[in-house]
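Letter by letter, the chains look like this.
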Protein chains: 2
Amino acid sequence: MCELLGMSANTATDICFSFTELVSRGGGSGPHSDGWGISFYEGKAFREFKDTAASVNSEIAKFVANYPIKSHIVISHIRQANSGRVCLENTHPFSRELWGRSWVFAHNGQLKGIKKKALRYYRPIGSTDSEHAFCWMLDQIRIKYASLPPTDFQLSKFIAGLSAEIAPHGVFNFLLSDAKSLYIHCSTKLCWITRQAPFGKARLADAEVEIDFSQHTTLNDIVTVIATTPLTEDESWTSMLPGDFTVFQGGQRTYSSTSPA
Amino acid sequence: MCELLGMSANTATDICFSFTELVSRGGGSGPHSDGWGISFYEGKAFREFKDTAASVNSEIAKFVANYPIKSHIVISHIRQANSGRVCLENTHPFSRELWGRSWVFAHNGQLKGIKKKALRYYRPIGSTDSEHAFCWMLDQIRIKYASLPPTDFQLSKFIAGLSAEIAPHGVFNFLLSDAKSLYIHCSTKLCWITRQAPFGKARLADAEVEIDFSQHTTLNDIVTVIATTPLTEDESWTSMLPGDFTVFQGGQRTYSSTSPA
């Protein structure tokens, strides 16, 4: 199983603390040694780092864990390959452009028979079931909305519907963003925490690192972190349930729905 | 004016030596201080590093210059902004997917009136004339060929024609790749050198670095480097002429044509 990490914040925030925990699980405290990737949005574009090496052994991961890149939306993934060989083109997150926006997607799980779903505009570059599912979702969004829908609510609701349509194919925990919202679907395991004033301290679960958020934030900051399992051991994370679909904008929940798992 | 750097090789080769020279020009020995980017292909996917900081001051550029990422095709760009503000979404290279391949594009020059050309499938994420030209070219390729054309020659010829159609809009020096070929159009200034056995030594023009290629290569290696101006001072670079369009695959020229400049 792979691990996911996401962030949605109302102010550009670095994710070094959480990423340090994820990296330690990538072939260190966890079995996910088949590559990793992270995408940091800046405006409508994003900055991406990927490697096919286990994140604990990756020079690029060490650089990213120590170099504070500030972003409003982050999507990261460490991989334990189950569909598609270990190579860069099979390494999450995947990305495509729609309506002049960058869409980024990372997935944990396996989807049986997903490749039977026909594609129109977007084609996978690699051979994973994940990228096929992403291309199919973007296809459907593009077919439904030739340009940006009038409200974010409509778009969230439509993506919730697509998620529910794919979910029966297997395990479909994903993070998706269009540079504005962070869309999250839970099929088996995902949790989140929203940090805001008054900020406290937290200690990573697997890496021996502690942080005092009050030293790194202002009173107005709202930062939500999403992960496969809680990254810290002394905070209260909200577990998502199978079938839960949630959307965050600027660290705050803007949409939530549940479909039968 | 921006500077371009490209590489096409028949074996995965690192570009640290040439990139060191490019970085030194990015706000150091040159005026190109409005960001930089580099894309390294691995199979059909690519790895990308970008920054809006001047490359001489960029921690990411320092990392890339010292970390040998091996690739068959590399496209890099350092920017002196003339169209579009300095931000990540306006930072070259730009990329899109077509036929399940990653296409990457970097441009040096200005193109007047290019935004009047209507777009169908691909939309710019940023506001540069360069990205608009890239989207238009991909649109035309997609309209002409719904799937991969039968021969590389046909595709090269078609892209040569598109280049000649855009060239009258201004200055159109570009590097473009579809993960297999490196397409190059010269409007004012570009040159290239092919290095193969017997390999010799070379010294960078602006940075005090010398390399003995014979220490880093095998007898069968063929590596072509393309740059705005020669990067080394003791090798013989081939200057391209205005209107020249050239394609490299695995370090070797596979197509060449000239249109009236």
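Predicted model only: the values in this text are computed from it and were never measured. (Residues numbered from 1 in each chain as written. Chains lettered and ligands numbered in written order. Predicted model: local features only at pLDDT ≥ 70, side-chain atom pairs only at ≥ 80, totals over all residues.)

Observations regarding the interface of chain A and chain B
Okay, so step 1: Taken together, the contact pairs 25 residues of chain A with 25 residues of chain B.
Okay, so step 2: Breaking the side of chain A that touches chain B down by element, the ones donating at least two residues are β3 (45–51), α2 (59–66), β5 (94–98) and β6 (101–108) of chain A.
Okay, so step 3: Sort the elements by how many residues they give to the side of chain A that touches chain B and β3 of chain A lands first, with four residues.
Okay, so step 4: Residues of the side of chain A that touches chain B, tallied by class, amount to 10 nonpolar, four polar and 11 charged. (Contact = placed C-beta atoms within 7 Å. Helix = DSSP H or I, 4+ residues; strand = E, 2+ residues; numbered from the N terminus. Nonpolar A, V, L, I, M, F, W, Y, C, P; charged D, E, K, R; others polar.)

Considerations on the confidence of the model for chain A
Okay, so step 1: Overall, the prediction assigns chain A a mean pLDDT of 91, with 96% of residues at 70 or greater.
Okay, so step 2: Across the assembled chains, the prediction reports ipTM 0.92 with pTM 0.94. (pLDDT = per-residue confidence, 0-100.)

Some remarks on the packing of helix α1 (residues 16–25) of chain B against helix α2 (residues 59–66) of chain B
Each pair of packed helices can be described by the angle between their axes along with the distance between the axes.
Residues and elements named next belong to chain B.
Okay, so step 1: Put simply, α1 and α2 touch, their axes get as near as 8 Å, and they point 150° apart. Considering the angle they form, α1 stands roughly antiparallel to α2. Residue-level contacts link Cys16, Phe19, Thr20 and Val23 of α1 to Ala61, Val64, Ala65 and Asn66 of α2.
Okay, so step 2: In the contact of α1 with α2, the residues fall into six nonpolar, two polar and no charged. (Axes fitted to C-alpha atoms, helices over the stretch in contact; angles between N-to-C directions. Parallel < 35°, antiparallel > 145°, perpendicular 65-115°, else oblique.)

What about the environment of glutamate 235 of chain A?
Residue and element names in this part refer to chain A.
Okay, so step 1: Here glutamate 235 lies in the loop between β12 (222–227) and β13 (238–239).
Okay, so step 2: Residue classification places glutamate 235 among the partly exposed positions, given that 15 C-beta atoms sit within 10 Å.
Okay, so step 3: On a C-alpha basis, the gap between glutamate 235 and leucine 88 in space is 35 Å, while along the polypeptide they are 147 residues apart.
Okay, so step 4: With residues up to four places along the chain from it excluded, the contact list for glutamate 235 reads Ile193 and Ala202. (Buried ≥ 20, exposed ≤ 12 C-beta atoms within 10 Å, placed from the backbone.)

Quick look at the environment of aspartate 244 of chain B
Residues and elements named next belong to chain B.
Okay, so step 1: With respect to the helices and strands, aspartate 244 occurs in strand β14 (residues 244–249).
Okay, so step 2: The buried category is assigned to aspartate 244, around which 20 C-beta atoms lie within 10 Å.
Okay, so step 3: Each C-alpha atom of the pair aspartate 244 and alanine 12 lies 27 Å from the other, and the pair is 232 residues apart in sequence.
Okay, so step 4: Setting aside its immediate chain neighbours within four residues, aspartate 244 contacts Cys186 and Thr258.

Quick look at the sheet that holds strand β15 (residues 252–258) of chain A
Residue and element names in this part refer to chain A.
Okay, so step 1: An order of β5-β6-β7-β8-β14-β15 is seen for the six strands of this open sheet, with the pairing classed as antiparallel. The sheet terminates laterally at β5 and β15, the two strands that pair on one side only. Direction aside, neighbouring strands of the sheet carry axes that sit 15° apart on average.
Okay, so step 2: Inspection of the sheet shows strand β8 (residues 182–185) paired to strand β14 (residues 244–249) by four bridges, in the antiparallel sense. Bridge pairing in β14 places isoleucine 184 opposite threonine 246.
Okay, so step 3: Contacts between helix α3 (residues 129–144) and the sheet are confined to β5 and β6, with β5 contributing the most and set at about 15° to the helix. (Pairing = 2+ DSSP bridges.)

Brief notes about the relation of the copies chain A and chain B
Okay, so step 1: Mapping chain A onto chain B is achieved by rotating through 180° and translating by 0.0 Å along the same axis, at an RMSD of 0.0 Å. The transformation just described matches what one would write down for a two-fold rotation axis.
Okay, so step 2: Of the residues that chain A buries at the interface, 100% are likewise interface residues in chain B, meaning the two copies contact each other through the same surface. (Least-squares fit on C-alpha atoms with pLDDT ≥ 70 in both.)

Details of the sheet that holds β14 of chain B
Strand pairing in a sheet is mediated by backbone hydrogen bonds. Such pairs are either parallel or antiparallel.
Residues and elements named next belong to chain B.
Okay, so step 1: Strand order in the open sheet formed by six strands is β5-β6-β7-β8-β14-β15, and the pairing between neighbours is antiparallel. Edge positions in the open sheet fall to β5 (94–98) and β15 (252–258), since each of these has one partner strand only. Geometrically, the sheet is characterised by an average inter-axis angle of 15° between neighbouring strands, direction not taken into account.
Okay, so step 2: With six bridges joining them, β14 and β15 adopt antiparallel strand pairing. What sits directly across from glutamine 249, in β15, is glutamine 252.

Focus on the pairing of strand β2 (residues 36–42) of chain A
Residues and elements named next belong to chain A.
Okay, so step 1: A large share of β2 lies buried, amounting to seven of its seven residues.
Okay, so step 2: Neither face of β2 is left uncovered, since the one carrying Trp36, Ile38, Phe40 and Glu42 and the one carrying Gly37, Ser39 and Tyr41 both have all their residues buried.
Okay, so step 3: Inspection of the sheet shows β2 paired to β3 by seven bridges, in the antiparallel sense. By the bridge assignment, serine 39 is partnered in β3 with glutamate 48.
Okay, so step 4: Between β2 and β3, which pair antiparallel and follow one another directly, the connecting turn spans two residues, one of which, glycine 43, has a positive phi of 65°.
Okay, so step 5: Looking at chain direction, β2 and strand β4 (residues 71–78) are connected through five bridges and run antiparallel. Within β4, the position partnered with isoleucine 38 by the bridge is serine 76.

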